[in-house]
Amino acid sequence: MEMTNRNIHGDLKVDCVNCDGLNNQKSNDLAEVSVSLTGKRTALMEGHNLYRLRDRKLLVEEKRRLCALSLGAAMLGILLMIIQAEICRYDPDSPYIALLIINSSISLSTGCLLALIIAFHYKDIRLFVIDHNQVDWRIAMTSHRILVISLEMLVCVIHPVGSYREIGHNVTFSSPAKLRVSNEPGGVMMYIDLLLSVLMFLRLYLVHRAILLHSKVLLSASYRSIGSLNNINFTFRFVLKVLLNEYPARTLLVFILFFWLTASWMLTLCERGTEEATGHMNTALWLIAITFLTVGYGDVAPKSSCGKAVCLFTGVMGVACTAMLVAVVNKTLALNKGEKHVHFFMLDIQISKRIRHAAANVLRECWLLHRANLAKGNRGEHRRHQRGLLEAIRVFRNLRLKQRKLRDYVSEMVDLPKMQMIMCDLSANWNNSYRELEQRILSMEQKLDELSRCFQQTSELLFHVLRHRNPDIR
């Protein structure tokens, strides 16, 4: 009986141990499964992020390509409109089929431009969804975005729908025909076509988008990384500042020439319905130039409302460009920091020399006045030396005041980055001195420990020697 009980207890213990082993094995298997699932989930997340980066890069490239194509379509429509207007002006007997083909090409380029604008904003919405890790694209359709898309579509859909056919027939290249704009339906349609042709230049807003997307600011990864760390928004304003900072003269020259030619042609288009000389290109170039420069001789003036609006806008742009030109010239002629330091240093040296000479003149006049007092001679000579002394003192004081003002101005020119570097160097030197002091203190502590140990050994050695000589010492 005892043997059977022992065997039963042993079997029970073995079973319990086996159960514990199975439980531990199951728990280890579950832990391995959870770890593997976590690793797989992390790997999936990393793969998803890599896919997002790839999709974002592709979308940015597609946006850049669509922006270039839309700008090309807009410029093509404007060029076709100019060709149509000039043909109707100088060749009124041109076949109707040619004008119809040009007008159809303008409409076709407008349709392509609208499709490209829609595709561009579609890519922009997809990019917004990827950047914000959103699922529903309707989240990106805010009221501001809808308003911007609507305004762009409205601007890009503007183009002339008719032709400029009501033109006089006796016309040569030197004597272009005048539009007979009247209250008749044909004259009203021609005026509407002229207005739509002028408004087609609003498509040039795509230039700033193309400059932004094709600038080195967005193409450079270092620019984007540093800008994101400093919370800089890469807008057209920032890109324009960069261009004006790097290429100020070139940027202003290109803009002024382009604006001059465009505004001049728009003025000729607006003034074709009048009998004035402003309908000619040479007179329009002269009028736009003097209006842009805010001179205004008054020899020619626009007659139509459209021409007056063009001249008013030209004057406003002239004032803005003049302000930018003054800023660029001021920056070009201004001294940099090194030149300012050298210039003010040399001025300080020169003023110091003049102060020494003025002090010497004061001492000389004092000595001459003292000698005149001792001689007790002519009173006129005494007064002359007194006046010389007062003049020398006045010059000395003025030079000291000028030197003080110069040094105050130089002290105001505080170079903050340089001061920051100096403070960093001082703090680094203090830290190094503190570390050296700590190391010296630690070495002194170690030496003190060694000295105490030596003293203890010496005392023990003396005690043993004395005890060996005199065993009675305890």
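What counts and what doesn't
Residues numbered from 1 in each chain as written. Predicted model: local features only at pLDDT ≥ 70, side-chain atom pairs only at ≥ 80, totals over all residues. Heavy atoms only, no water. Helix = DSSP H or I, 4+ residues; strand = E, 2+ residues; numbered from the N terminus. Buried < 20%, exposed > 50% of the residue type's maximum accessible area, 1.4 Å probe, protein only. Disulfide = S-S within 2.5 Å. Patch = residues over 30% accessible without salt bridge, like charges linked within 9 Å, V, L, I, M, F, W, Y side chains within 5 Å. Areas by Shrake-Rupley, 256 points an atom, 1.4 Å probe, with all protein chains shown as cover. Salt bridge = Lys/Arg side-chain N within 4 Å of Asp/Glu carboxyl O. Polar contact = N/O pair within 3.5 Å; in protein donor to acceptor, adjacent residues only side chain to side chain. Contact = heavy atoms within 4.5 Å.

In this section: the overall build of the protein chain. Broken down by element type, the protein chain carries 14 helices and zero strands. N-terminal to C-terminal, the α/β element order of the protein chain is α-α-α-α-α-α-α-α-α-α-α-α-α-α. Burial analysis of the protein chain (474 residues in total) assigns 27% to the buried set.

Scanning the model with the defined rule gives one disulfide in all. Each disulfide pairs two cysteine sulfurs, and for Cys270 the partner residue is Cys306, the sulfurs being separated by 2.0 Å. Of this pair, Cys270 sits in helix α9 (residues 248–270) while Cys306 sits in helix α11 (residues 305–333); the two residues are 36 residues apart in sequence, bridging distant segments of the chain. Residue Cys270 is classed as buried on the basis of its relative accessible area, which comes to 10%. Judged by relative accessible area, Cys306 falls into the buried class, the value being 16%. Counting only cysteine sulfurs, Cys270 is the nearest neighbor of Cys311, a cysteine outside any disulfide, at a range of 9.0 Å.

Turning our eyes to something else, we now look at a nonpolar patch on the surface. On the surface, a nonpolar cluster with roughly 500 Å² of combined accessible area is contributed by Met419, Ile422, Met423, Leu426 and Trp430. Note that Leu426 resides in helix α14 (residues 416–469).

On to unusual backbone geometry, then. The residue Thr294 is not glycine, and still its phi comes out positive at about 55°. Its location among the elements puts Thr294 in the loop between α10 (281–292) and α11.

Attention now goes to the pattern of salt bridges. Enumeration according to the criterion identifies nine salt bridges in this entry. One salt bridge connects Asp131 with Arg56, and the closest N-O pair in it is separated by 2.7 Å. Remark: Arg56 occurs in helix α1 (residues 2–90) and Asp131 occurs in helix α2 (residues 96–131); sequence separation between them is 75 residues. Taking relative accessible area as the criterion, Asp131 reaches 36% and is therefore assigned partly exposed. On the basis of relative accessible area, Arg56 is assigned to the partly exposed category, the value being 34%. Across the pair Lys123 and Glu62 runs a salt bridge whose closest N-O atoms are separated by 2.8 Å. Highlighted residues: Lys123 in helix α2 and Glu62 in helix α1, separated in sequence by 61 residues.

Once that is clear, we can look at the side chain of His159. Its location among the elements puts His159 in the loop between α3 (143–156) and α4 (185–199). A distance of 3.3 Å separates the side chain of His159 from the side chain of Ser107, its partner in a polar contact. Separated by 2.9 Å, the side chain of His159 and the backbone oxygen of Val157 make a polar contact. If near-sequence neighbours (up to four positions away) are discounted, His159 is found in contact with Ile106, Ser107, Thr110, Leu196, Met200 and Arg203.

Geometry only, nothing functional implied.
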